[in-house]
Amino acid sequence: MPITEGTKEYPWKLTTPPQTSDYQMYKEEKDGIAILVCTVGKTVLHYDYRCVDDLAAMLKKHDDWIELGSADEQKPVKEGTIEAWGRSPENPIGGWYGLKKGLRGRFGMYVPPLLEILGLAEVEHNPRNNRMRAK
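Residues numbered from 1 in each chain as written. Predicted model: local features only at pLDDT ≥ 70, side-chain atom pairs only at ≥ 80, totals over all residues. Heavy atoms only, no water.

Undergrad: Before we go on, may I ask you to explain the overall build of the protein in this structure?
TA: Looking only at helices and strands, one finds 4 helices and 7 strands in the protein. Written out in order from the N terminus, the α and β elements of the protein read β-β-β-β-α-β-α-α-α-β-β. The C-alpha radius of gyration of the protein comes to 14 Å, within 12% of the 14 Å expected for a compact globule of 135 residues. Based on the C-alpha atoms only, the size of the protein along its principal axes is roughly 35 × 30 × 25 Å. Across the protein, the fraction of contacts at a sequence separation of at least 24, relative to all contacts at a separation of at least 6, is 49%. Summing over all exposed atoms, the protein offers an accessible surface of approximately 7600 Å²; the carbon and sulfur share of this is 48%. Between the centroid of the 19 positive side chains of the protein and the centroid of its 20 negative side chains there is a distance of 4 Å. (Helix = DSSP H or I, 4+ residues; strand = E, 2+ residues; numbered from the N terminus. Rg over C-alpha atoms; globule rule 2.2 N^0.38 Å. Contact = heavy atoms within 4.5 Å. Areas by Shrake-Rupley, 256 points an atom, 1.4 Å probe, with all protein chains shown as cover. Lys, Arg positive; Asp, Glu negative; His and termini not counted. Charge placed at Lys NZ, Arg CZ, Asp CG, Glu CD.)

Undergrad: What should I look at first to understand the pairing of strand S2 (residues 22–30) in this one?
TA: Pairing between strand S1 (residues 12–15) and S2: 4 bridges, direction antiparallel. Within S2, the residue paired with Thr 15 across the bridge is Asp 22. Linkage of S1 to S2, two consecutive antiparallel strands, is achieved through a turn of 6 residues, within which Gln 19 is found at a positive phi near 60°. With 7 bridges joining them, S2 and strand S3 (residues 33–40) adopt antiparallel strand pairing. (Pairing = 2+ DSSP bridges.)

Undergrad: Just checking my understanding: could you explain the environment of Leu 45 for this structure?
TA: Of note, Leu 45 is situated in strand S4 (residues 43–48). With 60 residues separating them along the chain, Leu 45 and Gly 105 place their C-alpha atoms 8.9 Å apart. If we ignore the near neighbours within four places in the chain, the residues touching Leu 45 are Leu 36, Val 37, Cys 38, Val 40, Lys 100, Leu 103, Gly 105 and Tyr 110.

Undergrad: What's the story with the nonpolar core in this structure? I'm lost.
TA: For soluble globular proteins, the rule of thumb is that nonpolar side chains tend to be buried together. Within the largest apolar cluster, 30 residues are counted, with the highest numbers of intra-cluster contacts made by Met 25, Tyr 47 and Leu 55. If you tally residues by element for this core, the top one is helix H1 (residues 50–62), at 6 residues. (Core = buried A, V, L, I, M, F, W, Y, C linked by side-chain atoms within 4.5 Å. Buried < 20%, exposed > 50% of the residue type's maximum accessible area, 1.4 Å probe, protein only.)

Everything listed here is a matter of geometry and, on its own, says nothing about what the molecule does.
Encoded structure:
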């Protein structure tokens, strides 16, 4: 992996867990905090960059597969999933890792493949109901 990968000039090129859509992510600083910028087509989402280390730590502690459970911000989320954890008051930041109101969801779709290419997790690539675990 080139040292510049993960920058705006050289974003991580990713594919959703079911391998149906390509998207890009990179790390940037906004208002003094590190964020992940996720571009899916013309839609741009932002996630707090702390989610990378926090999710990796949670997966190690859990020590088993966890369903991704991706959902839009406005939709209910299945408990016990990565998506539920990414918006839970019980996670390390006490709520949403998504930063753009109206586009804070889909944590379980877009963040797991990043952890996979960083070597921090394994992600399933089935048409539906994918899971992940610590590597």
